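Each chain is listed here by its residues.
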Amino acid sequence: MKRRSERTIEVFSMSAIDLFAAAMGAFALLAIILLPYYQNELREKTPDNAISELLRAAQDSSVETEEKRKALEIKRSAKRQNVSDIKSDAQQLLERLRAAQSDLLEKQAAATPPPATPVPEPVAEDPGPTPEPATVSFRFLGMKTTADDVVVAIDMSRCMGGHEASVNKAVERIILSLQDNHAVKVVGFQQTDRGPQVRQWPATGRLRQINTGGTKTGAIDFARGLTRQFGGSASMLDAFDDMLAGPGQAIFLVSDGLPNPNANNGLSPNRLADEIARRNNGRKEIHSVVVGNYFDYRGTVEFMERLADRNNGQFMALASTSAGVCD
């Protein structure tokens, strides 16, 4: 018998391979066509997600920053309170020291000198011209001046209300400390709707000698009357123009140290003190006594100290136990 030849069996025919190749080509072609659209969609979605994350992070950071700010403000407030307490304690100690010094000086000034030993007058010799009396210094609460002619100026502004007792006490101690060689004048000033107002004693605007009968009582009573008329603002610049042009070698200002710029040519307190010093030009001593709750207002003590320092004067602070109308 004739032997049959071996046959090769193929699993895939050429037709199947062509079909697979066509399918793969179609898939590849679709992928190439759709790839740009997919990239655009991915690109459009990504920024929104990123912005959302950034916004969320910014909000979280803002909340954290606000909490830190509040905590820092609490710490600063506590530090300011500590500084205020320390300053208050220091000022009280300083005032006690000044009060003790004042009492000591007043006791020394009030001490009676020992009687002088009488000396017989010469008979045959010419005694010659009579020597001039020695200058007697004036002391008030530790403040000292050798001036004989004294002007007491009282701030009559509205903010002085409530401090009448302190003002009267300060004026009384000034007047009662004056000696027979002194002459005195009392001036009250304020800014009202009618403009700058000045009230003075004596009414003539002249000085009155202390050794004249009723001078001390008249000056003290007039000052007490001024404390019942507080109102308006403190027109210090106009008042000092009048006092610098008038009589007197030393001016004692009693004020709360709160001059209103609107009543003083728009000048701030420090510029006002410098302007008064410029107009005075060293002609008269200007001493300052601040009354009231001066710890409640920044710059009051600084203004009164600057005014005295720039005009060869001295400074004194008298605390008030009552609240003023501006507190």
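Our structure's up above, just so we're on the same page.
Residues numbered from 1 in each chain as written. Predicted model: local features only at pLDDT ≥ 70, side-chain atom pairs only at ≥ 80, totals over all residues. Heavy atoms only, no water.

Draft legend 1. How the structure looks around the overall build of the protein. Secondary structure assignment for the protein yields 6 helices and 9 strands. Considering the protein as a whole, with its 327 residues, one finds that 32% of them fall into the buried category. When the accessible surface of the protein is summed, it comes to about 21,600 Å², and 54% of that surface belongs to carbon and sulfur atoms. (Helix = DSSP H or I, 4+ residues; strand = E, 2+ residues; numbered from the N terminus. Buried < 20%, exposed > 50% of the residue type's maximum accessible area, 1.4 Å probe, protein only. Areas by Shrake-Rupley, 256 points an atom, 1.4 Å probe, with all protein chains shown as cover.)

Draft legend 2. Structural detail: a nonpolar patch on the surface. A contiguous nonpolar surface patch, about 550 Å² in accessible area, is contributed by Leu29, Leu30, Ile33, Leu34 and Tyr37. Along the chain, Leu29 falls in helix α1 (residues 14-110). (Patch = residues over 30% accessible without salt bridge, like charges linked within 9 Å, V, L, I, M, F, W, Y side chains within 5 Å. Salt bridge = Lys/Arg side-chain N within 4 Å of Asp/Glu carboxyl O.)

Draft legend 3. Representation of helix α6 (residues 300-309). Three or more residues of α6 are buried, namely Thr300, Phe303, Met304, Leu307 and Ala308. All buried residues of α6 lie within an arc of 125° about the axis, which places them on one face of the element. Looking at the buried side of α6, the elements it contacts are α4 (236-245), β7 (250-255), α5 (269-280), β8 (285-292) and β9 (315-319). (Arc of directions from axis to C-beta. Contact = heavy atoms within 4.5 Å.)

Draft legend 4. Here's a closer look at the pattern of salt bridges. Inspection of every chain in the model, using the stated rule, returns 7 salt bridges. The partner of Arg224 in a salt bridge is Glu172, and the shortest N-O contact between them spans 2.3 Å. Separated by 52 residues along the polypeptide, Arg224 in helix α3 (residues 215-226) and Glu172 in helix α2 (residues 164-177) bring together distant segments of the chain. Looking at Glu172, the relative accessible area reads 22%, which means it is partly exposed. Ionic pairing is found between Glu275 and Arg279, a salt bridge with its closest N-O pair at 2.8 Å. Taken as a pair, Glu275 and Arg279 lie in helix α5 at a separation of 4 residues, close to a single helical turn. Glu275 sits in the buried class, given a relative accessible area of 18%. Under the relative-accessibility criterion, Arg279 is labelled partly exposed at 28%.

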